[in-house]
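# Working through the structure, step by step
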Amino acid sequence: MRPLLFALVWSGTISACVALLTLGRGEALSGRSLAVIAVFCVGSFLGGWLAWGAARLLTWRRRQRSARFAAMVVCLSIATAGLTAFLFFLQLRGYYASSHTHEFSYRMLWEQVFTGATTAYIFVVMGVRVLLPVMLLPLFAASWYFARIEPGGRV
């Protein structure tokens, strides 16, 4: 139950941050900006839930809080950014589906690789700048919470 609540709070924090940064830049809340907020919301929820399990698995026999803190920082940042980028990839793949080939072939794999590379570039340029400067404090706070609340296994 604790990982689910953590993922909900993490998702709410990310979504609120993205919404406030969108409004702070003077952009109107349109269908497009709400879709971006929804992608960040779902990606951060899945990332938070997956990061809790991965960090717990990585620190299963560790009793040091610093190890649990470090594991959560790494897992939470990679899982949140990775799953959000994957959801952006699915969006872009859906957009380019009409111009891509549908039969399994070398060309289809080539198109998927370049769509993935384009999505990764767009996410690094546009998406990570939303997460990076503002979300460092919540990232460290969430990791500190994990390190304090999650018990280390007995050696």
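Below, the structure is looked at part by part. (Residues numbered from 1 in each chain as written. Predicted model: local features only at pLDDT ≥ 70, side-chain atom pairs only at ≥ 80, totals over all residues. Heavy atoms only, no water.)

### Points about the side chain of S143
Defined as follows: Runs of E in the DSSP output that reach at least two residues are strands. Runs of H or I that reach at least four are helices, and both are numbered from the N terminus. Two N or O atoms count as a polar contact when they lie within 3.5 Å, although within protein this holds only if one can serve as hydrogen donor and the other as acceptor, and sequence-adjacent residues are included solely when both atoms are side-chain atoms. Pairs of residues are marked as contacts when any of their non-hydrogen atoms sit within 4.5 Å.
Within the secondary structure layout, S143 lies in helix α4 (residues 106-149). Within the structure, S143 has its side chain in polar contact with the backbone oxygen of L139 (distance 2.9 Å). For S143, the residues in contact, after removing those within four places along its chain, are F69, M72 and V73.

### Observations regarding the packing of helix α1 (residues 2-24) against α4
Quick note on the threshold: As a rule, the C-alpha atoms of each element are fitted with a line to give its axis, helices using only the stretch in contact, and angles between N-to-C directions run from 0 to 180 degrees. An angle below 35 degrees is treated as roughly parallel, one above 145 as roughly antiparallel, one from 65 to 115 as roughly perpendicular, and anything else as oblique. Left-handed describes a crossing whose near helix is turned anticlockwise from the far helix through less than a right angle; right-handed describes the clockwise counterpart. Gly is placed with the polar residues, together with every amino acid not listed as nonpolar (Ala, Val, Leu, Ile, Met, Phe, Trp, Tyr, Cys and Pro) or charged (Asp, Glu, Lys and Arg).
Between α1 and α4, whose axes approach to 10 Å, the crossing angle comes to 160°. Taken together, the axes of α1 and α4 are roughly antiparallel relative to one another. Here α1 runs over α4; the crossing is right-handed. The residues of α4 that touch α1, namely those facing R2, F6, W10, T13, I14, C17, V18 and L21, are V130, L131, V134, M135, P138, L139, A142, Y145 and I149. Of the residues assigned to the contact of α1 with α4, the class counts are 15 nonpolar, one polar and one charged.

### Things to note about α4
An α-helix turns once every 3.6 residues. As a result, residues three or four positions apart point the same way. What counts is decided by this rule: A helix is expected to span 1.5 Å multiplied by its residue count minus one. Two axes are fitted around each residue, one to the seven residues ending there and one to the seven starting there, and the angle between them is reported as the bend at that residue.
With 44 residues, α4 ought to run about 64 Å at 1.5 Å a step, yet its terminal C-alpha atoms sit only 49 Å apart, falling short of that. Along α4, the sharpest change in direction is near 65° and occurs at M135; proline P138 comes one to four residues later.

### Observations concerning the environment of L76
Formally: The cut-offs for exposure are 20% and 50% of the maximum accessible area for each residue type, with area from a 1.4 Å probe on protein chains only; residues under the lower value are buried, those over the upper are exposed, and the others partly exposed.
Tracing the backbone shows L76 in helix α3 (residues 65-96). Residue classification places L76 among the buried residues on the basis of a relative accessible area of 0%. Taking the C-alpha atoms as reference, L76 lies 9.8 Å from F140; in sequence the two are 64 residues apart. Not counting the four nearest positions on each side in its chain, L76 is found in contact with F6, W10, G47, G48, A51, L139 and A142.

### Structural notes on the packing of α3 against α4
Between two packed helices, what matters for the description is the angle formed by their axes and the separation of those axes. Close contact between α3 and α4 brings their axes to 7 Å; oriented N to C, the two are set at 150°. The angle between α3 and α4 places the two elements in the roughly antiparallel class. Both α3 and α4 take part in a crossing whose hand is right-handed. Split into classes, the residues belonging to the contact of α3 with α4 amount to 18 nonpolar, eight polar and four charged.

### Describing the nonpolar core
The test is simple: Side-chain atoms within 4.5 Å are what join buried Ala, Val, Leu, Ile, Met, Phe, Trp, Tyr and Cys residues into a set we call a nonpolar core.
Counting 25 residues, the largest nonpolar core has W10, I14, M72 and L76 as the members making the most contacts within it. When contributions to this core are tallied by element, the ones reaching two or more residues are α1, α2 (31-58), α3 and α4. Among residues more than four places away in sequence, those in contact with I14 are F40, S44, T80, L131 and M135.

### Structural notes on the pattern of salt bridges
Defined as follows: Every case where a carboxyl oxygen of Asp or Glu lies within 4 Å of a side-chain nitrogen of Lys or Arg is listed as a salt bridge.
Enumeration according to the criterion identifies one salt bridge in this entry. Note that R107 is salt-bridged to E111, the shortest N-O span being 3.1 Å. One end of the pair is R107 and the other is E111, both in helix α4 and four residues apart, which spans about a single turn. For R107, a relative accessible area of 51% gives the class exposed.

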